[in-house]
Amino acid sequence: TTPRVDRKPPPRKFTESTYRSAKPFLLSEFGGRCAYSLQHVKRVGYKCMEVDHFNPTLRGPARNEYKNFLPATRHCNGSKSDTWPDHQYRKLGARFLNPTKEQDYGVHIFEDIDSHELVGVTPAGKYHIRCCDLNAPHLVIERKERAALGRIIKQYVITLKLPPLLAEKANLVDTASLI
């Protein structure tokens, strides 16, 4: 499957002392959202967004390569911490989902429409949800609020109707062609 996030070439090299300066580039690539919870920087604040080392077990220069960085809220980054599945877990399919390499939501992870909790349908999805604490109460509440706003928006249908003269000039037969 195609990745959820399209990566651009790294803007520059980073080191252990400069990796945090990758945050603005990451937020731009990820639309201002946490790679794990999808919380927006406008909701949590710039200071609560961090640079996560996706694979914390990497050492040397590979640890601070741009492709190993993901934007994460302080909650997700702290929950994930230095967790990485061991060989036995990986044999069972447990792993973290990398949205720059695959679709995560809608393939491995779905939102229950009643409880607004995330449900993992693959071993990777289940592991990812548990280790990143993606069903923390504040995240479930946010998803519930987002769903309620979506229902309100869907109630309002806006129909645009051009004045007859303008419609004639635009060579439109009816307003349906505007939609």
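Report follows, based on the coordinates. Per chain, the residues get numbers from 1 upward, laid out in the order the sequence is written. Only residues with pLDDT of 70 or above have their local features reported here, since the model is predicted, and side-chain atom pairs are shown and tallied only from 80 upward, although totals for entire chains, interfaces and linings are computed over all residues. Side-chain numbers come from the whole structure's heavy atoms, not from hydrogens or water.

Observations concerning the packing of aromatic side chains
- Ring geometry is summarised as follows: Phe, Tyr and Trp rings, the Trp one being its six-membered ring, pair when their centres sit within 6.5 Å, and such pairs are stacked at plane angles under 30 degrees, edge-to-face over 60 and tilted between the two. The full count for this structure, using the stated rule, is 8 aromatic pairs.
- Taking 6.4 Å as the distance between ring centres and 80° as the angle between the ring planes, the aromatic pair formed by Tyr66 and Phe69 counts as edge-to-face. Judged on exposure class, the residue Tyr66 and its partner Phe69 are both buried.
- With a centroid separation of 5.1 Å and 70° between ring planes, the pair formed by Phe96 and Tyr127 is classed as edge-to-face. Only protein chains enter the area calculation, which uses a 1.4 Å probe; residues under 20% of their type maximum are buried, those over 50% are exposed, and those in between are partly exposed.

Looking at the pairing of strand E1 (residues 49-53)
- Judged by how many residues are buried, E1 sits mostly within the fold: 4 of 5 residues are covered.
- Here 5 bridges tie E1 to strand E2 (residues 69-73), and the two strands are oriented antiparallel to one another. Across the sheet, the residue bridging to Glu50 is Ala72, located in E2. For helices the rule is a DSSP run of H or I covering at least 4 residues; for strands it is a run of E covering at least 2, with both sets numbered from the N terminus onward. Here the rule is simple: two strands pair whenever DSSP picks up at least two bridges between them.

Digging into the nonpolar core
- Among buried residues, the Ala, Val, Leu, Ile, Met, Phe, Trp, Tyr and Cys ones that are joined through side-chain atoms within 4.5 Å form a nonpolar core. Residues Cys34, Tyr36, Leu70, Phe96, Ile109, Leu118 and Leu134 are the most contacted members of the largest nonpolar core, which totals 26 residues.
- Among the elements that make up this core, the one with the highest residue count is helix H5 (residues 123-132) (5 residues).
- Residue contacts for Cys34: discarding those within four places in its chain leaves Gln39, Met49, Pro71, Ala72, Thr73 and Cys76.
- If you look at the next biggest cluster of nonpolar residues, it comprises 7 residues, including Phe14, Tyr19, Val51 and Phe69. Any two residues whose heavy atoms approach within 4.5 Å at even a single point are treated as in contact.

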